[in-house]
Amino acid sequence: MSREPPPGEEEAPGGEGEGRARAGEGGCYLALCGRPVHFEKANPVNCVFFDEANKQSMRLVVHLLGNCCGARSCCWVAGSEPVILLETVFAVRSGGATGVVVKGLEDRNPISFRMEDKGEVKCIKFSLGNKILAVQRTLKSVDFLNFIPDSPQLEYTQECKTKNANILGFCWTSSTEIVFITDQGIEFYQVLPEKRSLKLLKNQSINVNWYMYCPESSVILLSTTVLGNVLQPFYFKSGTMSKLSKFEIELPAAPKSSKLSLSERDIAMATIYGQLYVLYLRHHSRTSNSTGAEVVLYHLPREGSCKKTHILKLNRTGKFALNVVDNLVVVHHQDTETSVIFDIKLKGEFDGSTTIHQFVLPPRSIQPYQIPVAGPASVTSQSPVPCKLYSSSWIVFQPDIIISASEGYLWSLQVKLEPVVNLLLDKGRLMDFLLQRKECKMVILSVCSQMLSEPERGSLSVIATVFDKLNHEYKKYLEAEQSYTMVVEAGLSRSNPLPKRPVRTQAVIDQSDMYTHVLSVFTEKKEAPHKFTIAVLMEYIRSLNQFQIAVQHYLYELVIKTLVQHNLFYMLHQFLQYHVLSDSKPLACLLLSLESIYPPAHQLSLDMLKRLSTANDEIVEVLLSKHQVLAALRFIRGIGGHDSISARKFLDAAKQAEDDMLFYTIFRFFEQRNQRLRGNPSFTPGEHCEEHVTFFKQVFGEQALMKPTTF
Amino acid sequence: MATAAGAGQEKQLAPTLLSFFIYNPKLGPKEGEEEKKILFYHPNEVEKNEKIRNVGLCEAIVQFTRTFSPTKPAKSLHTQKNRQFFHEPEENFWMVMVVRNPIIEKHKDGKPVYEYQEEELLDKVYSSVLQQCYSMYKLFNGTFLKAMEDGGVKVLKERLEKFFHRYLQTLHLQSCDLLDVFCGISFFPLDKMTYLKIQSFINRMEESLNIVKYTAFLYNDQLIWSGLEQDDMRILYKYLTTSLFPRHMEPELAGRDSPIRAEMPGNLQHYGRFLTGPLNLNDPEAKCRFPKIFVNTDDTYEELHLIVYKAMSAAVCFMIDASILPTLEFCRKLDSIVGPQLTMLASDICEQYNINKRISGAEKEPQFKFIYFNHMNLAEKSTIHMRKTPSVSLASVHPDLMKILGDINSDFSRIDEDEEIIVKAMSDYWVVGKKSDQRELYVILNQKNANLIEVNEEVKKLCATQFNNIFFLD
């Protein structure tokens, strides 16, 4: 029985601590996943297959002692002399049953079943969704077994169509479509599980040396010609097979003889930033004066021709293995037991056709990994056993799978971003790097916090660069979102298929993120001189403006709060004067509240309310509260609202002002309004102005009341 | 040939400075020691006894009027021939300025007859001029009291002599008007983004040149940013725009290829140069001496070096603590950091300004003649005054109209309430003054046969176009 690591161990507990302890030489930015798939080590009764498409390991437990025969898989690839380091595939002899255990990284529940033992298994793979199992036992045919409920359970077989051809392998391109690759071409079949038969959809003759399949992009790459360096890609999609344009890999030196010169071990296929690339590990050749091996990236577009686009300089020689994790190309180097990473989106040296990249970070080992100890079997050895990294028994699969055959583990490789922060000192480049990573948000925010506080406080120009990079990404998302909304709104009338809603990645760091995690904390702490605090806030606002992003009110509030705390009212005044702090009702109200400590805030606030043009009621209230009754009345008349205002409100204010003449004027104004609107100067009971009429009569006498004019 | 013009020919003689003196009655309280009170007297040639007499007279007037108004003693004394202005900027330190009234010289029977125009001068205008004299002195020398503390009467006298000897020559009393009352600041209109870029530039410069304490930024002689407090900026702005900038205008007007330009130090990468401090950075003997200024004299009393650096139309003032002596090395560093960036920024501002001008409907020269002033931020705008020439700003309207403006202003300052005053002046001119909260607006209209309603409408139109973004009551 195989053992699962204890659940919930996202990080191998010992491993993390150890990693820190060794961080003296710098953090390890690569790690093996904490919950690997564990399988019984390869041994004479046991063989393991890896299915790239489903990322499953398949263990076949052989119940009769098997005979060893020569299938092989390999991992470490060295320059001049390819060394096969691993030979652990065992065959099955007839006359028994084979137990199969299928485990994957994603699906935690292993599938177990038995199948008839009909001979050595060369290749075994489930179709997508574990619907149909395909098993290759001979060079001429593939056997199928349905795993769909209520479908025929008997095995069925398909021989390859091409006469005298040998099947090199097969790949599932969907749940019911399969491609056979023979040494003479490829055959594309549809599997009909109910009929227990296959239907040939398409085939193509071509001499094949070896093949490679990238399940992510459904592309099969065939090595053709004698040298093997002409690669022919095919693309599969829902029953169709299309031939993409072939291309030639430039070999480092002209081969002396016409023998196969490009090995599949030196080629990998991976999707990087949504584009398919063929990665070619070009070894250091003594004849050329290159400083070491390099990885050459060929961009393989769906349409058009394949182009050499990037060169990743390894600056070393020896045995390498490739992975692609989080759009980064990871190159493991066995000799030094270190790995390096490359990001093709980072700026490199462009020579007109290709971009040359150096590795982003200094070479580091994968973080030390402890084999978890669990279960009664391990009682004897209490302490966790450190796992041998970069072991010669490692097998690497694309994009991010590492298998240790000798230990019986399957890991996915992970990039850890925290250690990167201290390894990449150029903050602009660091941001470029982080913004492209999947789980970047918290790390980016912590970098922002870090650059604002001692001891690693960044200069303002660095801070500006970082803000600009963040807001560039933020703006891109806002724009995508906006055009999506527009299309959706426009599309409601027409019945076009809806476009995909833009995905908000972690790289979208918006104002509320910055406010909550960085800026408010930073201004609270008050450890920086206020000049710096204000400069940082202004820099962020500048950056938002530069990308035409509407600034949120709480940022302005933060600026105002900081300025007020340091009595920098004149500065605040100037900012408002140039409308750096955009107008809004909340901001105007905030200013009003500052009037007692800074009188000009009153004027600034009124100006702002005026510009908003939706705050006329507020303006009247402000003026009335200052007993500027006449001004309020003139204002409301100026905007034509004087027929609907409450007379009582104005008369109240006029009375409070304790200015009889003012009261008289206001009273008369409303009498005239009454006359104009109703033909009578007296107030209606609904206006509740009785006490004001009484007061008016008291002060000015009854005869002062306006007489109704009659015509 | 003046006589040939014949009788009836009038000649106007502008007001001139008769005398200017500073005294402190506490310095010579005893009889016979009166001379000790006098700290500065212009013109110096005046006989000692006359000096003492004039000072004594002022002292007496102030003392006498104090009995009627203990808190507000006399500010000016009107006489037929001249007018005296009193100002006590610091306790017991009195400044007095005597201005001769303007004269109309007439010829009667071949003989010149002088008619003094007693009511022409506006108290507020010349009181403000006198106050500015003090502010300017204080900006470059600190307070009177500070000088006394530094070295007694002797030092104070030296400083006063040194400063006012030159400064009084630059007073152009004949062209003083309402703008001198305001002593405002003209702000450069700018869009938000460019403004933020300037902010960013200033912050980065203050960071790189970490000894800089305050920065001010001007473009086209108009202020964009002041790190100084308002009152200090007000007087510094006056110094920059009426004295320093005009003196350095020539090389810019001369253009790139002129010989003056060619002699200018620096390099081809930028147009930056020092207006104060070293002229030639390549000269190892160059003197890095900057004017000293005094700010925040009410509380922290800071003494600063004033570095003014300019590239094209953009000027930056860097102020650093006086205890730190800027070295030639520092100046070179400043030049290499600020020069290229300021040059870029200046052309950015220029470009943006032109774009904005085009967007806002090719803002033609406004047909309105007006003066606007906001007491809150000291913002001042005038379409009446020509561009400031060295040391003078000339009004383009008749002095009589300017006087009406001054009168309206005096009326406004007496009352707190919002007000509006409309005056019908001679020959189809209307003068309108409006006061709303802390803002004042003066408009001069010239419309044939316009009536009050039409004038009011015109002013409303002006407010709607020029001041629609502020709360300015109609």
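Residues numbered from 1 in each chain as written. Chains lettered and ligands numbered in written order. Predicted model: local features only at pLDDT ≥ 70, side-chain atom pairs only at ≥ 80, totals over all residues. Heavy atoms only, no water.

Chain B carries the name CCZ1 protein in an unreviewed UniProt entry, which gives Aptenodytes patagonicus as its organism. Turning to chain B, the UniProt annotation filed under Sequence similarities (unreviewed entry) states: "Belongs to the CCZ1 family." (UniProt positions renumbered as here; feature names shortened; annotations may be inferred.)

S.K.: Please give an account of the overall build of chain A that cites residues and values.
M.R.: Assigned secondary structure in chain A consists of 16 helices and 33 strands. When burial is assessed residue by residue, chain A has 53% of its 711 residues classed as buried. Residue pairs at least 24 apart in sequence account for 56% of intrachain contacts in chain A once pairs closer than 6 positions are excluded. On chain A, roughly 32200 Å² of surface is accessible, and the fraction owed to carbon and sulfur atoms is 52%. (Helix = DSSP H or I, 4+ residues; strand = E, 2+ residues; numbered from the N terminus. Buried < 20%, exposed > 50% of the residue type's maximum accessible area, 1.4 Å probe, protein only. Contact = heavy atoms within 4.5 Å. Areas by Shrake-Rupley, 256 points an atom, 1.4 Å probe, with all protein chains shown as cover.)

S.K.: Describe the overall build of chain B, with residues and values.
M.R.: Helix and strand counts for chain B come out as eleven helices and 19 strands. Taken over the C-alpha trace, chain B has a radius of gyration of 25 Å; the compact-globule value for 474 residues is 23 Å, and the two agree within 12%. Restricting to contacts in chain B with at least 6 residues of sequence separation, those with at least 24 account for 60%. Taken as a whole, chain B presents about 23400 Å² of accessible surface, with 51% of it coming from carbon and sulfur. Mean positive and mean negative side-chain charge positions of chain B (57 and 65 charges, respectively) differ by 2 Å. (Rg over C-alpha atoms; globule rule 2.2 N^0.38 Å. Lys, Arg positive; Asp, Glu negative; His and termini not counted. Charge placed at Lys NZ, Arg CZ, Asp CG, Glu CD.)

S.K.: Explain the pattern of salt bridges to me, using residue names and the numbers behind them.
M.R.: Residues and elements named next belong to chain A. Counted by the stated rule, this structure contains 51 salt bridges over all chains. A salt bridge links Asp643 to Arg676; the shortest N-O distance between them is 3.0 Å. Linking Asp643 in the loop between helix H13 (629–638) and helix H14 (647–656) with Arg676 in helix H15 (residues 660–678), this pair joins segments that are 33 residues apart in sequence. Asp643 gets classed as partly exposed once you look at its relative accessible area, which sits at 35%. When salt bridges with common partners are traced through the structure, they connect Asp326, Asp343, Arg437 and Lys438 into a single cluster. (Salt bridge = Lys/Arg side-chain N within 4 Å of Asp/Glu carboxyl O.)

S.K.: Can you tell me about the sheet that holds strand E25 (residues 328–333) of chain A, naming the residues and giving the values?
M.R.: Residue and element names in this part refer to chain A. In spatial order, the strands read E24-E25-E26; together these three strands make up an open sheet with antiparallel pairing. Of all strands in the sheet, those with a lone pairing partner are strand E24 (320–325) and strand E26 (338–342), marking the two edges. With strand direction ignored, the average angle separating the axes of adjacent strands in the sheet is 25 degrees. Two elements, E25 and E26, share five bridges in a ladder whose sense is antiparallel. (Pairing = 2+ DSSP bridges. Axes fitted to C-alpha atoms, helices over the stretch in contact; angles between N-to-C directions.)

S.K.: A description of the interface of chain A and chain B should follow, citing residues and the corresponding values.
M.R.: Taken together, the 37 residues of chain A in the interface contact 38 residues of chain B. Across the interface of chain A and chain B, roughly 3300 Å² is buried in total on both sides, 56% from carbon and sulfur atoms. Per-residue buried area on chain A facing chain B is highest for Tyr570, Tyr578 and Gln603 of chain A; these three make up 25% of the total on that side. Seen at the junction of chain A and chain B, the total is three salt bridges. The partner of Arg439 of chain B in a salt bridge is Asp607 of chain A, and the shortest N-O contact between them spans 2.4 Å. Across the chain A-chain B interface, the total number found is 13 residue pairs in polar contact (both at pLDDT 80 or more). Mapped onto the side of chain A that touches chain B, the elements with two or more residues apiece are helix H5 (460–491), helix H7 (530–546), helix H9 (569–577), helix H11 (600–612), helix H12 (616–625) and H13 of chain A. Of the residues that constitute the side of chain A that touches chain B, the class distribution is 18 nonpolar, twelve polar and seven charged. (Buried area = accessible area lost by both parts, 1.4 Å probe. Polar contact = N/O pair within 3.5 Å; in protein donor to acceptor, adjacent residues only side chain to side chain. Nonpolar A, V, L, I, M, F, W, Y, C, P; charged D, E, K, R; others polar.)

S.K.: So what's going on with empty space enclosed by the protein? Which residues, and what values?
M.R.: Here the idea is plain: a probe the size of a water molecule rolls over the atoms and shows the empty space left. Applying the stated criterion to the full structure yields four cavities of 30 Å³ or more. Of the pockets and cavities examined, the second largest cavity occupies roughly 60 Å³. Leu623 and Gln628 of chain A together with Asp418, Asp437 and Phe471 of chain B are, among the ten residues lining the second largest cavity, the residues nearest its centre. Among the residues making up the lining of the second largest cavity, the classes are represented as five nonpolar, three polar and two charged. (1 Å grid on protein atoms, 1.4 Å probe; cavity = no way out; pocket = protein on both sides within 12 Å on 5 of 7 lines; lining within 4 Å. Points joined across faces, edges and corners; volume = space filled by probe spheres on them.)

S.K.: Mind laying out the packing of aromatic side chains, listing which residues take part and the relevant values?
M.R.: Each aromatic ring pair is specified by the distance between its two centres and by the angle formed by the two planes. Across all of its chains, the model carries 54 aromatic pairs over all chains by this definition. Between Tyr409 of chain A and Trp411 of chain A, the ring centres sit 5.4 Å apart and the planes meet at 15 degrees, which makes this aromatic pair stacked. Judged on exposure class, the residue Tyr409 of chain A and its partner Trp411 of chain A are both buried. The rings of Phe20, Phe40, Phe93, Tyr134, Tyr137, Phe144, Phe163, Phe164 and Tyr167 of chain B are connected pair by pair, giving a single aromatic cluster. Between the NZ or CZ atom of Arg302 of chain A and the centre of the ring of Tyr235 of chain A, over which it lies, the distance is 4.0 Å. (Phe/Tyr/Trp six-rings, centres within 6.5 Å; stacked < 30°, edge-to-face > 60°. Lys NZ or Arg CZ within 6 Å of the ring centre and 35° of its normal.)

S.K.: Describe the state of the cysteines, naming the residues involved and giving the relevant values.
M.R.: Residues and elements named next belong to chain A. For the structure shown, the criterion picks out zero disulfides over all chains. Cys28 takes part in no disulfide bond, and the closest cysteine sulfur to it belongs to Cys387, at a distance of 14 Å. Accessibility expressed as a relative area gives 8% for Cys28, which makes it buried. (Disulfide = S-S within 2.5 Å.)

S.K.: A description of the environment of Ile181 of chain A should follow, citing residues and the corresponding values.
M.R.: All names here are of chain A. Structurally, Ile181 is set in strand E12 (residues 177–182). C-alpha of Ile181 to C-alpha of Thr523: the two residues are 342 residues apart in sequence and 64 Å apart in space. Those residues in contact with Ile181 that sit more than four places away from it in its chain are Asn166, Ile167, Leu168, Gly169, Phe170, Cys171, Ile186, Val208, Tyr211, Ile220 and Leu222.

S.K.: Tell me what's going on with the nonpolar core, and back it up with residues and numbers.
M.R.: Within the largest apolar cluster, 243 residues are counted, with the highest numbers of intra-cluster contacts made by Phe164 and Phe217 of chain B. Ranked by residue count, the leading element in this core is helix H2 (residues 123–141) of chain B, at ten residues. Not counting the four nearest positions on each side in its chain, Phe164 of chain B is found in contact with Phe20, Ile22, Phe40, Met95, Cys133 and Tyr137 of chain B. Leu231, Tyr235, Tyr280 and Cys306 of chain A belong to the second largest nonpolar core, which has 23 residues in total. (Core = buried A, V, L, I, M, F, W, Y, C linked by side-chain atoms within 4.5 Å.)

S.K.: Report on the side chain of Arg542 of chain A, specifying residues and quantitative values.
M.R.: Along the chain, Arg542 of chain A falls in helix H7. Classification of Arg542 of chain A as buried rests on a relative accessible area of 4%. A distance of 2.5 Å separates a polar atom in the side chain of Arg542 of chain A from a polar atom in the side chain of Glu539 of chain A. Apart from the residues lying within four places of it in its own chain, the contact partners of Arg542 of chain A are Ala464 and Asp468 of chain A together with Met193, Leu196, Lys197 and Ser200 of chain B.

S.K.: I'd love a proper account of the sheet that holds strand E22 (residues 294–299) of chain A, names of residues and values included.
M.R.: Within a sheet, each strand pairs with its neighbour through backbone hydrogen bonds, oriented either parallel or antiparallel. All names here are of chain A. With mixed pairing, six strands are arranged side by side in an open sheet as E20-E21-E22-E23-E28-E27. Each edge of the sheet is formed by a strand with only one pairing partner; in this case those strands are strand E20 (267–272) and strand E27 (349–350). Bridge analysis of E20 against strand E21 (residues 275–282) gives six bridges, and the strand direction is antiparallel. Residue pairing across strands places Ile272 opposite Gln275, the latter belonging to E21.

S.K.: Go over the confidence of the model for chain B with me, naming the residues and quoting the values.
M.R.: Residue and element names in this part refer to chain B. On average, chain B scores 86 in pLDDT, and the residues at 70 or more come to 90%. For the stretch residues 1–7, pLDDT sits under 50, and the model shows one contact to residues farther than four places along the chain or on other chains. For residues 254–266, every residue scores under 50 in pLDDT, and the model assigns this stretch 13 contacts once sequence neighbours within four places are set aside. Taken over the whole predicted complex, pTM reads 0.84, whereas the ipTM for its chain interfaces reads 0.88. (pLDDT = per-residue confidence, 0-100.)

S.K.: So what's going on with helix H3 (residues 144–167) of chain B? Residues and values would help.
M.R.: Two residues of an α-helix separated by three or four positions point the same way, owing to the 3.6 residues in each turn. All names here are of chain B. For H3, built from 24 residues, the straight-helix expectation of 34 Å at 1.5 Å per residue is missed by more than 12%, its first-to-last C-alpha distance being only 17 Å. For H3, the complete set of buried residues consists of Phe144, Ala147, Val155, Leu156, Leu160, Phe163, Phe164 and Tyr167. Those residues of H3 that are buried lie in contact with strand E2 (16–23), strand E3 (38–42), strand E5 (82–90), strand E6 (93–100) and H2. (Expected span 1.5 Å × (residues − 1).)

S.K.: Describe in detail the pairing of strand E18 (residues 429–436) of chain B, supporting the description with residues and values.
M.R.: Residue and element names in this part refer to chain B. Among the eight residues that make up E18, seven are buried, leaving the element largely enclosed by the rest of the structure. The hairpin formed by strand E17 (residues 419–424) and E18 contains four residues between the paired strands, and Ser427 there has a positive phi angle of roughly 45 degrees. Direction of pairing for E18 relative to strand E19 (residues 439–446): antiparallel, over a ladder of eight bridges. Paired with Tyr429 across the bridge in E19 is Asn446. Between E18 and the antiparallel strand that follows it, E19, lie two residues; Asp437 among them carries a positive phi value of about 55 degrees.

S.K.: Please give an account of the environment of Ile453 of chain B that cites residues and values.
M.R.: By secondary structure assignment, the location of Ile453 of chain B is in helix H11 (residues 452–466). On the basis of relative accessibility, which here comes to 64%, the residue Ile453 of chain B falls in the exposed class.

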